[in-house]
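Residue-level structure breakdown
Okay, here's what each chain looks like letter by letter:
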Amino acid sequence: MTVHFIGAGPGAADLLTVRAVELLRSSPVCLYPGSYLDPAVLAHCAPEAELVDTQRLDLDAIVAKISAAHDGGSDVARLCSGDPSVYSALTEQARRLDRLGIPWDVTPGVPAYAAAAAALGAELTVPELAQSVVLTRAQARSTAMPERERLRSFAATGATLALHLAITRTRELAAELAAEYGPDCPAAVVYRASQPDQLILRGTLSDIATRVEGAGLRQAAVILVGRALAPAVECVQSHLYDPGRARL
């Protein structure tokens, strides 16, 4: 019996990997994050599979469900929103499973920030403008951020920022970021990227908070900030496609 941590992607049922779909079809038990997932994703599960929504379960209850499946010899598909490598609680769950001697593996998925960029039709790394993407989050009713991971420090690099779990603090964060990027810096919010109720808000650091508040967004949204997001951004030609570059 194996627990398969599976990246469910940003929510769309057709953005799962082929491997993910095969694991869902073959696993008798599926644990999924109901608050972030398009229900259509669960159509990949076998009709007789046991489906467990984890949005109201704590870690002990989740591990208990997995342990019960293990005792019954059933594989478990543990769906994670986006990709398991980012904000998935993979580490704490895997640690518990290791202590119980329950084997597990990981199948990657499309991360939410990538789906948000796709919805915007944006490349987050534009030559000589921004060549780094910082994935980070805000702290509110959540675990503390490490002392050295200050948002202002990330902003000082000029990199494109992808902010997760931050939508309820958009106004405060926009004001802080404007001190580094400037109030006219492009900013965008994508709510439920790739899902049927997807919503895109475009603006700048001076007005994006007003747009978010007007839309009443409270969760399941990614905030992107950076000069690379300008709709008609001008950039130099990358070295990769430069006609003067020597090619093998």
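Our subject in this report is the structure included herewith. It should be emphasised that the depicted structure is a prediction, and the values quoted were computed from it without experimental measurement.

What the protein contains, in helices and strands, is seven helices and 10 strands. Overall, the protein is about 60 × 50 × 35 Å in size when its C-alpha atoms are taken along their principal axes. Taking all 248 residues of the protein together, the buried fraction comes to 45%. Look at the contacts in the protein between residues 6 or more apart in sequence, and 69% of them connect residues 24 or more apart. As displayed, the protein offers around 12800 Å² of accessible surface, 51% of which is attributable to carbon and sulfur atoms. Positive and negative side-chain charges of the protein, numbering 22 and 27 respectively, have mean locations separated by a distance of 4 Å.

Strand order across the open sheet formed by five strands is S6-S7-S10-S8-S9, with mixed pairing between neighbours. Single-partner strands in this sheet number two, and they are strand S6 (133–137) and strand S9 (199–204). On average, each strand axis in the sheet is tilted by 20° relative to the strand beside it, whichever way the strands run. Pairing between strand S8 (residues 186–191) and strand S10 (residues 221–225): five bridges, direction antiparallel. Counterpart to Val189 in the pairing with S10 is Ile223. Across the sheet, helix H6 (residues 170–181) is in contact with strand S7 (160–164) and S10; its angle to S7 comes to roughly 165°.

This part is about the pattern of salt bridges. As enumerated under the stated definition, the model contains seven salt bridges in all. Its salt-bridge partner being Glu180, residue Arg152 comes within 2.9 Å of it at the nearest N-O pair. Taken as a pair, Arg152 in helix H5 (residues 151–155) and Glu180 in helix H6 lie far apart in primary sequence, 28 residues in all. We classify Glu180 as partly exposed; its relative accessible area is 35%. Residue Asp207 is joined to Arg211 by a salt bridge in which the shortest nitrogen-to-oxygen separation is 3.3 Å. Owing to a relative accessible area of 24%, Asp207 belongs among the partly exposed residues under this scheme.

Tallied over the full model, the rule gives zero disulfides. There is no disulfide at Cys45, and the cysteine sulfur nearest it, in Cys30, is 3.9 Å away. Among the residues examined, Cys45 registers a relative accessible area of 9% and is labelled buried.

Our focus in this paragraph is the side chain of Arg78. By the secondary structure assignment, Arg78 is in strand S4 (residues 76–80). One buried charge, Arg78, has no salt-bridge partner; the nearest side chain with opposite charge is Asp53, at 7.7 Å. Here the side chain of Arg78 touches Gln93 through a polar contact of 3.0 Å, side chain to side chain. With near-sequence residues (within four places) excluded, Arg78 lies in contact with Val3, His4, Phe5, Ile6, Leu31, Tyr32, Pro33, Thr54, Ile62 and Gln93.

Moving on: the packing of helix H2 (residues 59–71) against helix H3 (residues 90–100). The interhelical angle for the contact between H2 and H3, taken along N-to-C directions, is 45°, at an axis separation of 11 Å. When the axis of H2 is compared with that of H3, the two are oblique. With respect to the hand of their crossing, H2 and H3 are arranged in right-handed fashion. Within the contact between the two elements, H2 uses Leu59, Asp60, Ile62, Val63, Ile66 and Ser67 and H3 uses Glu92, Gln93, Arg96, Leu97 and Leu100. Considering only residue class, the contact of H2 with H3 consists of six nonpolar, two polar and three charged.

In a beta sheet, neighbouring strands pair by backbone hydrogen bonds and run either parallel or antiparallel. In space, the five strands of this open sheet follow the order S3-S2-S4-S1-S5, with parallel pairing throughout. Here the strands that pair on one side only, and so sit at the sheet edges, are strand S3 (50–53) and strand S5 (104–107). Geometrically, the sheet is characterised by an average inter-axis angle of 20° between neighbouring strands, direction not taken into account. Both strand S2 (residues 29–32) and S3 contribute to a ladder of four bridges, which runs parallel. From the neighbouring strand, Tyr32 faces S3, where its bridge partner is Asp53. Against the sheet, H2 touches strand S1 (3–7), S2, S3 and S4, its axis set at about 170° to S2.

Time to look at a nonpolar patch on the surface. Taken together, Tyr36, Tyr87 and Leu165 make up a surface patch of nonpolar side chains, about 290 Å² in accessible area. Checked against the element boundaries, Tyr36 lands in the loop between S2 and S3.

The rules behind each value
Residues numbered from 1 in each chain as written. Predicted model: local features only at pLDDT ≥ 70, side-chain atom pairs only at ≥ 80, totals over all residues. Heavy atoms only, no water. Helix = DSSP H or I, 4+ residues; strand = E, 2+ residues; numbered from the N terminus. Buried < 20%, exposed > 50% of the residue type's maximum accessible area, 1.4 Å probe, protein only. Contact = heavy atoms within 4.5 Å. Areas by Shrake-Rupley, 256 points an atom, 1.4 Å probe, with all protein chains shown as cover. Lys, Arg positive; Asp, Glu negative; His and termini not counted. Charge placed at Lys NZ, Arg CZ, Asp CG, Glu CD. Pairing = 2+ DSSP bridges. Axes fitted to C-alpha atoms, helices over the stretch in contact; angles between N-to-C directions. Salt bridge = Lys/Arg side-chain N within 4 Å of Asp/Glu carboxyl O. Disulfide = S-S within 2.5 Å. Polar contact = N/O pair within 3.5 Å; in protein donor to acceptor, adjacent residues only side chain to side chain. Parallel < 35°, antiparallel > 145°, perpendicular 65-115°, else oblique. Left-handed = near helix turned anticlockwise from the far one by under 90°. Nonpolar A, V, L, I, M, F, W, Y, C, P; charged D, E, K, R; others polar. Patch = residues over 30% accessible without salt bridge, like charges linked within 9 Å, V, L, I, M, F, W, Y side chains within 5 Å.

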